Amino acid sequence: MMTLQNEKADKDHEPYAPHSVIIIKGSQGFGFNVRGQIDEGGQLKSINGNLYPPLQHISNVISGGPADEAGVLMGDRILEVNGINVEGESHAKVIELIKSNPNKLRMVLMSVPPKENERLDGESVSYCSEDEFELNKVDITIPSMSQKDEGGKTVVYYNVYLDGKFLCSHRYKAFYDLQVDLKNKFFQFEFPKFPGKWPFQLSQSQLEKRHKELEQWLIHVCTVSQLFTHFYLQDFLGLINNNRNDEKADQASICSKNEPDNADVKVFLPDKSSVCVNIPTESYVKELNEAICQKVNIPLDSAIYFSIFKSHDSDQFEVPLALNEKPLELHVQNYNECGSLKFTFKKFVFSNRIENVMCEDNACLNILYQQAVKELADKKFDTTGKEIELKRTQHISTQKEFLDVVHTCPGYNTVAFPHCACDSRRDGHVILIISSEKISIQACSQSGEKQDQIKNFAWPSVSDYGCDGEIFHFTISKSNSERKISLTTPYADYMLQCFDRVTESHA
């Protein structure tokens, strides 16, 4: 065994001789990770022609970091730390010595040939405490589940995406096997909680709970560089092309690297309960809307009176999906943006007359009642003078009687949009309000504070309307004159859909 006293070798002439390095700590640390045996002592091994006890080694060097600039290489064996010989020392002791000087580190290292490095790594169990792992920013998500019929049995696949692009689909067993393999390889790393097995068929709520727990586990694991770049995880994610025929070959039956044909979509109802439907991944909003109608027993000929509305945690204003939008694609794209994207199934009508016809079907009546109760709680319409009657009919009478009272409240079946710019108003904004009876433009400040001015237009006076990107416009005809009003808003398509719905109900 060699004894070193600040020995330094010229690496250009003796690339595998012991040499010392000095590393000045940067903003993100010293820029390297250490791996090696847990306990001290151990059997002597030949390294570069000399016998050494087990040595801790450099497992990762951050490109451009302090260690990289000092010439530290992956695989370098550590002989001294801050003047103290660490041959045969435990991993914890070496880490303690590295941290003993918070700003400056001196080590004596010994590089080894690549083949020697592979041999030495293969003889030891990889270990590194979580504190020494390099954190890695990875946008990994499991935004959806898919169900498949295999041998007469319905099985669930979890669809994994990286940076918004599909990677693979796996059953629970594949995730379970992965976490067992990683635990055996990095056996002292403190892995996050893994969702346990369940001997019985899971309910929908239990499936959703497992879905979220699997996603959180995968996110945690993938944010650790040493785990994310390891073969086990890279292979699981489908980032390695291989034709292995080993003990993991049976995973072919529990995973897929082809984007699923179908996926589950969770949609909320107005009372905040939810339903889950399985639809083709390329479905448009019409297909999802009809699937929800079938799920809640609404006749398909009534589907035209409902729509799927979207909202974010960061923006509670609900907007109907555009007819050309694909719900599953939209869900994946927005999965990590602006909070969680939520779909809600709601009626999309402005006419009390149409609602009365819809009420002849009990399933339609139930959705209308749920939505009216929620809008009452959210103070979406004026209940002045109706409070006692509304309270009585909501809790004692039938759903239809409650809706009959709601129909008499001003502001019901009305949409008031967030304030926006208008071409006819220079010093402020406006609020567009749409109902079956009229179109109103309420003046407001640029921050949305309402002002006294309000203009009302009857629907027969509207001669034209449309939208171009984020500009919605409509033309008002009076006598021999026409006036075009243009609004600049991200809700231009919603305004267009509202105008379509009202004009169709007047036809």
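Refer to the structure printed above.
First, a word on scope: everything that follows refers to the structure included in this document. Because the structure is predicted, anything quoted here is derived from the model rather than measured. Going along each chain's sequence as written, the residues are numbered from 1 onward. A pLDDT threshold of at least 70 governs which residues receive local features in this predicted model, and a stricter bar of 80 or more applies before side-chain atom pairs are shown or counted, although totals over entire chains, interfaces and linings include all residues. Where side-chain values are given, they derive from all heavy atoms of the structure, hydrogens and water being excluded.

## As for the overall build of the protein chain
Our working rule: In DSSP terms, a helix is any run of H or I states spanning at least four residues, a strand is any run of E spanning at least two, and both are numbered starting from the N terminus. Remark: exposure states derive from per-residue accessible area (1.4 Å probe, protein chains only) relative to the maximum for the residue type, with buried under 20%, exposed over 50%, and partly exposed in between. Throughout, a contact is declared for two residues whenever any of their heavy atoms are within 4.5 Å. Here the open area of atoms and residues is found with the Shrake-Rupley method and a 1.4 Å probe, where only the protein chains shown may cover a residue.
When helices and strands are counted, the protein chain shows 14 helices and 25 strands. Burial status across the protein chain gives 49% buried among its 507 residues. The contacts of the protein chain with a sequence gap of at least 6 include a subset with a gap of at least 24, amounting to 59%. Roughly 26400 Å² of accessible area belongs to the protein chain as shown, and the carbon and sulfur atoms make up 48% of that amount.

## Quick look at the packing of aromatic side chains
Short version of the rule: The aromatic pairing rule takes the rings of Phe, Tyr and Trp, using the six-membered ring of Trp, and pairs them if the centres are within 6.5 Å, calling planes under 30 degrees apart stacked, those over 60 edge-to-face and the rest tilted. Ring-over charges, as used throughout, are those where CZ of Arg or NZ of Lys falls within 6 Å of the ring centre and within 35 degrees of the ring normal.
Overall, the coordinates contain 24 aromatic pairs when judged by the stated rule. Aromatic side chains Tyr158 and Phe175 sit 6.1 Å apart centroid to centroid with 90° between the ring planes, which places their arrangement in the edge-to-face category. Here Tyr158 is found in strand β10 (residues 153-162), whereas its partner Phe175 is found in helix α4 (residues 172-185), with 17 residues between them in sequence. Residue class for Tyr158 comes out buried when judged on its relative accessible area of 1%. Ring-pair connections join several aromatic residues into one group, and the members of that group are Phe309, Phe317, Phe348, Phe350, Phe417, Tyr491 and Tyr494. Lys148 extends its terminal NZ or CZ atom over the ring of Tyr157, reaching a point 4.5 Å from the ring centre. Positioned above the aromatic ring of Phe268 is the side chain of Lys342, whose terminal nitrogen or guanidinium carbon lies 5.4 Å from the ring centre.

## Overview of the pairing of strand β2 (residues 32-35)
The side chains of a regular strand alternate between both faces of the sheet. Rule in force here: Note on pairing: two strands pair once DSSP finds at least 2 bridges between them.
Residues Phe32 and Val34 line one face of β2 and the alternating positions Asn33 and Arg35 line the opposite face, and both faces are buried. Sheet topology places β2 next to strand β5 (residues 57-61); four bridges connect them, and they run antiparallel. Looking across to β5, one finds that Arg35 is bridged to His57.

## Regarding the pairing of strand β6 (residues 77-81)
A large share of β6 lies buried, amounting to five of its five residues. For β6 and strand β8 (residues 104-110), the ladder comprises four bridges, and the chain directions are antiparallel. Note on β8: the bridge partner recorded for Glu80 is Val108. Between β6 and strand β7 (residues 84-85), which pair antiparallel in sequence order, lie two residues; one of them, Asn82, sits at a positive phi of approximately 50°.

## Here's the deal with unusual backbone geometry
A positive phi is found at Asn82, a non-glycine position, where the angle reads about 50°. Turning to its location among the elements, Asn82 is positioned in the loop between β6 and β7. Positive phi, close to 60°, is recorded for Asn413, a residue that is not glycine.

## Observations concerning helix α5 (residues 204-222)
The condition that has to hold: Here the expected length of a helix is defined as 1.5 Å per residue gap, with one fewer gap than residues.
Its 19 residues place the ends of α5 27 Å apart at the C-alpha level, agreeing with the 27 Å of an ideal helix rising 1.5 Å per residue. On its buried side, α5 packs onto β9 (140-150), β10, α4, α6 (225-228), α7 (231-236) and β13 (262-268).

## Let's talk about the packing of helix α11 (residues 362-377) against helix α13 (residues 399-406)
Selection rule: Interaxial angle, 0 to 180 degrees, is taken between N-to-C directions of lines fitted to C-alpha atoms, where a helix line uses only the stretch in contact. In these notes the angle categories are as follows: under 35 degrees is roughly parallel, over 145 is roughly antiparallel, 65 to 115 is roughly perpendicular, and the rest is oblique. By the definition used in this description, the sense in which the near helix is turned from the far one sets the handedness, with an anticlockwise turn below a right angle giving left-handed and a clockwise turn giving right-handed. Gly is put with the polar residues, along with every residue not named as nonpolar or charged; the nonpolar set is Ala, Val, Leu, Ile, Met, Phe, Trp, Tyr, Cys and Pro, and the charged set is Asp, Glu, Lys and Arg.
Close contact between α11 and α13 brings their axes to 10 Å; oriented N to C, the two are set at 50°. One finds that α11 runs oblique with respect to α13. The element α11 and its partner α13 pack so that their crossing is left-handed. Contacts between α11 and α13 pair Leu365, Asn366, Leu368, Tyr369, Ala372, Val373 and Leu376 from the former with Gln399, Lys400, Phe402, Leu403 and Val406 from the latter. For the contact of α11 with α13, the class distribution of residues is nine nonpolar, two polar and one charged.

## Things to note about the nonpolar core
Threshold: Remark: nonpolar core denotes a set of buried residues (Ala, Val, Leu, Ile, Met, Phe, Trp, Tyr, Cys) joined through side-chain atoms within 4.5 Å.
By size, the foremost hydrophobic cluster in this structure holds 42 residues, and its most contacted members are Val267, Leu288, Ile292, Ile298, Ile308, Phe343 and Phe345. Among the elements that make up this core, the one with the highest residue count is α11 (seven residues). Membership of the second largest hydrophobic core comes to 32 residues, among which are Val138, Leu167, Cys168 and Phe189.

## Considerations on the environment of Leu288
Note that Leu288 resides in helix α8 (residues 285-295). On the basis of relative accessibility, which here comes to 0%, the residue Leu288 falls in the buried class. Sequence separation between Leu288 and Ser307 is 19 residues, and the spatial gap between their C-alpha atoms is 9.1 Å. If near-sequence neighbours (up to four positions away) are discounted, Leu288 is found in contact with Val265, Val267, Val277, Ile279, Ile308 and Pro327.

These figures come from the coordinates and say nothing about function on their own.
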